[in-house]
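Below are the chains, spelled out letter by letter.
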Amino acid sequence: QVELVESGGGLVQTGGSLRLSCLASGFRFSMYSMGWFRQAPGEERELVGSINWSGESTFYASAVEGRFTISRDNAKNAVYLQMNSLKPEDTAIYFCTRRSPASRNPANSGGYDAWGQGAQVTVSS
């Protein structure tokens, strides 16, 4: 059974940092690219970024590039999202997700076939 479990969300002030973790189980983690999406109230789910199977290649949405960093540890079946210089507009539920091998567009949520339950991130102004 594929399972993705996020942790590390919380409340932080503008300019602060948070690190989200996602622990994966039930599949061969090192063979899959992984992604982080977020969804704010009343908004559509959007890509934050993705990382390939080896961790050597990453892709970020323009809204977070230069502030957020995705990394992974295949030995621990874990993927991380380091968020720095947080802004109130970063407030959202953040989801860890597994990218399907057939996916051609990292920004298309339809190309991800397993999702975590989400972690709330709230940035106060």
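Residues numbered from 1 in each chain as written. Predicted model: local features only at pLDDT ≥ 70, side-chain atom pairs only at ≥ 80, totals over all residues. Heavy atoms only, no water.

## Brief notes about the overall build of the chain
Then, number 1: Along its length, the chain carries zero helices and 11 strands.
Then, number 2: Mapped from its N terminus to its C terminus, the chain presents α and β elements in the order β-β-β-β-β-β-β-β-β-β-β.
Then, number 3: Against the 2.2 N^0.38 benchmark of 14 Å for 125 residues, the chain shows a C-alpha radius of gyration of 13 Å, consistent with a compact globule.
Then, number 4: With the principal axes as the frame, the chain shows a C-alpha extent of 40 × 25 × 25 Å. (Helix = DSSP H or I, 4+ residues; strand = E, 2+ residues; numbered from the N terminus. Rg over C-alpha atoms; globule rule 2.2 N^0.38 Å.)

## Topic: the pairing of strand 1 (residues 3–7)
Then, number 1: Only one face of strand 1 is buried, namely the one carrying Leu4 and Glu6, since none of Glu3, Val5 and Ser7 on the opposite face is buried.
Then, number 2: When strand 1 meets strand 3 (residues 18–25), the two strands line up antiparallel, connected through five bridges. Its bridge partner lying in strand 3, Leu4 is registered against Ala24. (Buried < 20%, exposed > 50% of the residue type's maximum accessible area, 1.4 Å probe, protein only. Pairing = 2+ DSSP bridges.)

## Quick look at the sheet that holds strand 8 (residues 78–83)
Then, number 1: Read across the open sheet, the four strands follow the order 1-3-8-7; overall the sheet is antiparallel. Each having just a single partner strand, strand 1 and strand 7 (68–73) make up the two edges of the open sheet. Each neighbouring strand pair of the sheet contributes to a mean axis angle of 15°, computed without reference to strand direction.
Then, number 2: For strand 7 and strand 8, the ladder comprises six bridges, and the chain directions are antiparallel. Pairing of Arg72 across the sheet is with Val79, part of strand 8. (Axes fitted to C-alpha atoms, helices over the stretch in contact; angles between N-to-C directions.)

## A word on the nonpolar core
Then, number 1: Of all hydrophobic cores here, the largest spans 29 residues; its most connected members are Met34, Trp36, Val79, Leu81, Met83 and Tyr94.
Then, number 2: Only strand 3, strand 4 (34–39), strand 5 (46–51), strand 7, strand 8, strand 9 (92–99) and strand 11 (119–124) provide two or more residues apiece to this core.
Then, number 3: Of all the elements, strand 3 adds the most residues to this core, at four residues.
Then, number 4: Here Leu81 is in contact with Leu18, Arg19, Leu20, Trp36, Val48, Phe68, Thr69, Ile70 and Tyr94, once residues within four sequence places are set aside. (Core = buried A, V, L, I, M, F, W, Y, C linked by side-chain atoms within 4.5 Å. Contact = heavy atoms within 4.5 Å.)

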